[in-house]
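Examining the three-dimensional arrangement
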Amino acid sequence: MSNVVHVKRVAVLGAGVMGAQIAAHLVNAGVDTILFDLPAKEGPKNGVVTKAIANLGKLSPAPLSIKGAESKIVPANYEDNLELLKSCDLIIEAIAERMDWKQDLYKKIAPFVNEHAILASNTSGLGINALAEVLPEEMRHRFCGVHFFNPPRYMHLAELIPAKTTNPEILNALESFLVTTMGKGVVIAKDTPNFIGNRIGVFAMLAAMHHTEKFNLGFDTVDGLTGPLIGRPKSATFRTADVVGLDTLAHVIKTMADTLPNDPWHQYFAAPAWVGALVEKGALGQKTGAGLYTRKGKDILVLDLAAKDYRPSDNAIDPEVLTILKERDPVKKFAALRASTNPQAQFLWSVFRDTFHYSAYHLADIANTARDVDLALRWGYGWSMGPFETWQAADWKTVADWIADDIVAGKSMSNAPLPNWVVDGRKGVHSSHGSFNPTTGHDDARSNNPVYKRQRFPDPLLGEAFAQGTTIWENDGVRLWKDDGDDIGVISFKTKMHTVNDAVLDGIQEAIKVAEGQLRGLVIWQPKEPFSAGADLAGALGLLKEGKFDQFEEMVANFQRTSQAIKYSQIPVVAAVRGLALGGGCEFQMHAAQTVFALESYVGLVEAGVGLLPAGGGLKEFAVRASEKAGPTGDVFAELKTAFESVAMGKVSTSAHEAKQLQLARLNDTVVLNAFELLYVAKAQALALAEAGYRAPMPARAIRVAGDVGIATFKMMLVNMKEGYFISEHDYDIASKIATVICGGEVDRNSLVDEEWLLTLERKYFVELAKTQKTQDRIAYMLANGKPLRN
């Protein structure tokens, strides 16, 4: 069997929270999906599933990449529809975590599973080998565990757990499907309770809970210490518990206690007394409106155990500890944490120490390599660095000696010794050669599954470095580079947030000229998100404040020249977008021959929020596209409505699919689910265009526009909004100018204009708006506060 698995249809068994969201993400990926559950006791037989499908549209964050996509999920029940399983290539079981229920279901479905279908259980910790035992012999080689993390659209991690009987080729094929089609980061876990992510992640939470009590710290203080300051999500420790649900947390902890009776840390596998007390009161966290935190009006209150009541949350971090955490050198940072007598510093050292200790002690039990542990915690828990990376960065041997000293001194949560491999003179577990495998004692390179050839730059671990390609040309704003033997070049920005300044504008134009002489195609791609946060507002505001309007207008003209250079390049330019693509960043991709989007692309022309209008050719492109869609006799105005609303309201798409709905992306633009494959796909698209004999588009010289009638119609809508106090006077002025440009100016309806006419209108009204005090106030406010001013 090859590593390519052609999954045309998937069945998800179980329409609970996880099952329904897995089905939703399969639909995001364009996979035909059937969602099963028990027949309803009353009403239509599929009532349980149809209710779960309807509920998907109400969840936040949205599990679906576009509204209405839930209608693509096929509802089914186990009584009437098991025959549908025969047409499925993959069956994902996601029912409740009861071994007996899962095994009963497997017996029921077995006669309907076709001979090539893969069956996978989305269990979060039940034994995969025990589940496999109930299957017919001929199905066991096609069975494994696949553990998605919640919410499945957004959490990159999927743990793949083979049973003893799983065929390695089938495991590789499923891994390929998960990586490319579903966009997942896959780690292979051993069949042990809670696998990798939850085993270490939940332990880290338990360690934090234990030391919170030991050092007598408030829940909010601990959340302040264990969030972004140490490279963890904002929800930190106790907010995470509230979001997950205190009842769910208690269940997970009990499962650890029940399934890991011989773990040296077993005595700590018990929820603190306050968890049980809150659960008994029905204060389960976010889902009930109160738990460790609650809201009173706009104020966030935190539970004070001593007072047995809520108090205002202040996240008070001691200045001494804050100074330590701001230290950039991890060696100095960890030395200072351990040496400090401050309770907050001692708390942090203790949590890190015990998490390192636990991870090292259990590495051989739960994972094949240290890489799998670190990536699982990054991708499943949102840590910026995994436990082994953090330890290695802080000086492996020194930290190992400190842990050993604390074990002897009785300070650690367990007196279990560190494994011999920890103290064998090594400098860490990750190197340029690979990551440590405790079974063989060697460093293992990354997986040789062919799917990973699609990732030119995988998510790098500490100690890993990937060749950066050969620089062809660069300036202060951009770098043009390529790989050896490759005919496709890559333009990457050097600016913070990949904003667009003069160096970027000049650099793109020059890079295109260089590439036209040496290469067959170009990709605009950034090594990290975002694609581009838009124009450099600080530089623009500086010119305005100094009254240098001629220079300001020249900057705008240069922006337009850059967009036109992208559009009319003699070799295909493909934009590879992930994360934010705002303002000028959005306009650049609009001018590319093709755009390849990662699913999680947030695209928008948001200039109205800072009192301006798009002037990098974006409005011009909307007019061109409307004319092309309408043809010689169609209604141009009708083709402009969606685009006008998107720009005037500053809408930002919540996904690449929604960007198409908002007309910020073209219907034929490609969407990939795995952002690490974005560059590979974009380069393939550029090469395909070149191979097909690419020619730049002919200049648009006869653009039919909506003209004065279109402008008047848009203004009628705007007057109603202004009179209803939905928009301000300045909002009205901005939107009116957007309407004027997008409709081709005050000319007769159906007049023919060229691109230069539309670009001139963009510049004219952009500069007019920029000269107003209200727009300059908006720009200054955005720079100072990171959010728009409505004036």
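Everything that follows concerns the structure shown earlier in this document.
To start, this report covers the structure provided alongside it. Keep in mind the model is a prediction, meaning the values are calculated, not measured. (Residues numbered from 1 in each chain as written. Predicted model: local features only at pLDDT ≥ 70, side-chain atom pairs only at ≥ 80, totals over all residues. Heavy atoms only, no water.)

1. Section: the packing of helix 27 (residues 729-742) against helix 28 (residues 755-770)
To be explicit about the condition: Every axis in this analysis is a line fitted to C-alpha atoms, fitted for helices over the stretch in contact. Angles between the N-to-C directions lie between 0 and 180 degrees. Strands are runs of DSSP state E lasting at least 2 residues, helices are runs of H or I lasting at least 4, and numbering of each runs from the N terminus. Reported orientations rely on four angle classes, namely roughly parallel under 35 degrees, roughly antiparallel over 145, roughly perpendicular from 65 to 115, and oblique for the rest. Handedness of a crossing follows from how the near helix is turned relative to the far one, being left-handed for an anticlockwise turn of less than a right angle and right-handed for a clockwise one. In this analysis, two residues are considered to be in contact whenever any of their non-hydrogen atoms come within 4.5 Å of each other. We call Asp, Glu, Lys and Arg charged. Ala, Val, Leu, Ile, Met, Phe, Trp, Tyr, Cys and Pro are nonpolar, and the rest, Gly among them, are polar.
Interhelical geometry of helix 27 versus helix 28 gives an angle of 170° and a closest axis separation of 9 Å. Classified by the angle between their axes, helix 27 and helix 28 sit roughly antiparallel to one another. The interaxial crossing formed by helix 27 with helix 28 has right-handed handedness. Residue-level contacts link His 730, Asp 733, Ile 734, Lys 737, Thr 740 and Val 741 of helix 27 to Leu 758, Leu 761, Glu 762, Tyr 765, Glu 768 and Leu 769 of helix 28. Class assignment for the residues of the contact of helix 27 with helix 28 results in six nonpolar, two polar and four charged.

2. Describing the nonpolar core
Definition in use: Within this scheme, the nonpolar core is defined by two criteria: the residues are buried Ala, Val, Leu, Ile, Met, Phe, Trp, Tyr or Cys, and they are joined through side-chain atoms within 4.5 Å. Using a 1.4 Å probe on the protein chains alone, a residue whose accessible area is under 20% of its type maximum counts as buried, one over 50% counts as exposed, and one in between counts as partly exposed.
Within the largest apolar cluster, 109 residues are counted, with the highest numbers of intra-cluster contacts made by Leu 292, Phe 388 and Trp 391. Tallying contributions element by element places helix 14 (residues 343-366) first for this core, with 11 residues. In this view, Phe 388 contacts Ser 359, Ala 360, Leu 363, Ala 370, Val 373, Asp 374, Trp 396, Trp 421, Val 429 and His 430; residues no more than four positions away in its chain are not counted. In terms of nonpolar packing, the next biggest core, distinct from the first, is built from 78 residues, Leu 541, Ala 608, Leu 613 and Leu 619 among them.

3. Remarks on the sheet that holds strand 15 (residues 470-474)
Counted only if it meets this: At least two bridges found by DSSP between two strands is the condition for calling them paired.
Read from one edge of the open sheet, seven strands run 15-16-17-18-19-20-21, paired in mixed fashion. Both edges of this open sheet fall to strand 15 and strand 21 (670-672), since each of them pairs with a single strand only. Taken over all neighbouring pairs, the strand axes of this sheet differ in orientation by 25° on average, direction set aside. Bridge count for strand 19 (residues 573-582) against strand 20 (residues 594-604) is eight bridges, and the pairing is parallel.

4. Thoughts on the environment of Lys 427
Relative to the assigned elements, Lys 427 resides in the loop between helix 17 (396-408) and strand 12 (430-431). Each C-alpha atom of the pair Lys 427 and Asn 198 lies 27 Å from the other, and the pair is 229 residues apart in sequence. Setting aside its immediate chain neighbours within four residues, Lys 427 contacts Gln 392 and Trp 396.

5. Side note on the sheet that holds strand 13 (residues 434-436)
Spatially, three strands are ordered 12-13-14 in an open sheet, and the strand pairing comes out antiparallel. With one partner strand each, in any of the chains shown, strand 12 and strand 14 (443-444) form the two edges of the open sheet. Examined bridge by bridge, strand 13 and strand 14 share two bridges and lie antiparallel to one another. In the strand pairing of strand 14, Phe 436 is matched with Asp 443.

6. Some remarks on the side chain of Asp 220
Let me state the cut-off plainly: Here a polar contact means two N or O atoms within 3.5 Å. Within protein one must be a hydrogen donor candidate and the other an acceptor candidate, and residues neighboring in sequence count only if both atoms are side-chain atoms.
Note that Asp 220 resides in helix 8 (residues 219-225). A polar atom in the side chain of Asp 220 sits 3.0 Å from the backbone nitrogen of Asp 314. Those residues in contact with Asp 220 that lie beyond four places of it in its chain are Tyr 293, Val 302, Arg 311, Pro 312, Ser 313, Asp 314 and Asn 315.

7. Describing helix 7 (residues 197-214)
The condition that has to hold: How far a helix is expected to stretch is found by multiplying one less than its residue total by 1.5 Å.
Under the 1.5 Å per step criterion, the end-to-end length of helix 7 is 26 Å for 18 residues, consistent within 8% with the ideal 26 Å. Burial analysis of helix 7 places 15 of its 18 residues in the buried class, which makes it a mostly covered element. Of the residues one or two after helix 7, Asn 216 is the one with positive phi, at around 55°.

8. Quick word on the pattern of salt bridges
What counts is decided by this rule: When a carboxyl oxygen of Asp or Glu is within 4 Å of a side-chain nitrogen of Lys or Arg, the pair counts as a salt bridge.
Within the structure shown, the criterion is met by 43 salt bridges. The salt bridge partner of Arg 454 is Glu 677, with a shortest N-O separation of 3.2 Å. Of this pair, Arg 454 sits in the loop between strand 14 and strand 15 while Glu 677 sits in the loop between strand 21 and helix 25 (678-691), and the two are 223 residues apart along the sequence. Asp 731 is the salt-bridge partner of Arg 778, the closest N and O atoms lying 2.8 Å from each other. Within this pair, whereas Arg 778 is found in helix 29 (residues 773-785), its partner Asp 731 is found in helix 27, the two being separated by 47 residues in sequence. When sorted by exposure, Arg 778 lands in the same class as Asp 731, which is buried. Each of Lys 567, Lys 620, Glu 621, Arg 625 and Glu 755 takes part in a single network of salt bridges with overlapping partners.

9. Points about helix 22 (residues 618-630)
Spanning 13 residues, helix 22 covers 18 Å between terminal C-alpha atoms, matching the ideal 18 Å at 1.5 Å per step. Of all 13 residues making up helix 22, 11 are buried, and the element is well covered by its neighbours. Where helix 22 is concerned, the buried positions are Gly 618, Leu 619, Lys 620, Glu 621, Phe 622, Ala 623, Val 624, Arg 625, Ala 626, Ser 627 and Ala 630. Next to the buried residues of helix 22 lie helix 20 (549-567), helix 21 (584-591), helix 23 (636-648), strand 22 (703-704), helix 27 and helix 28. Within two residues after helix 22, Gly 631 carries a phi angle of roughly 70°, on the positive side.

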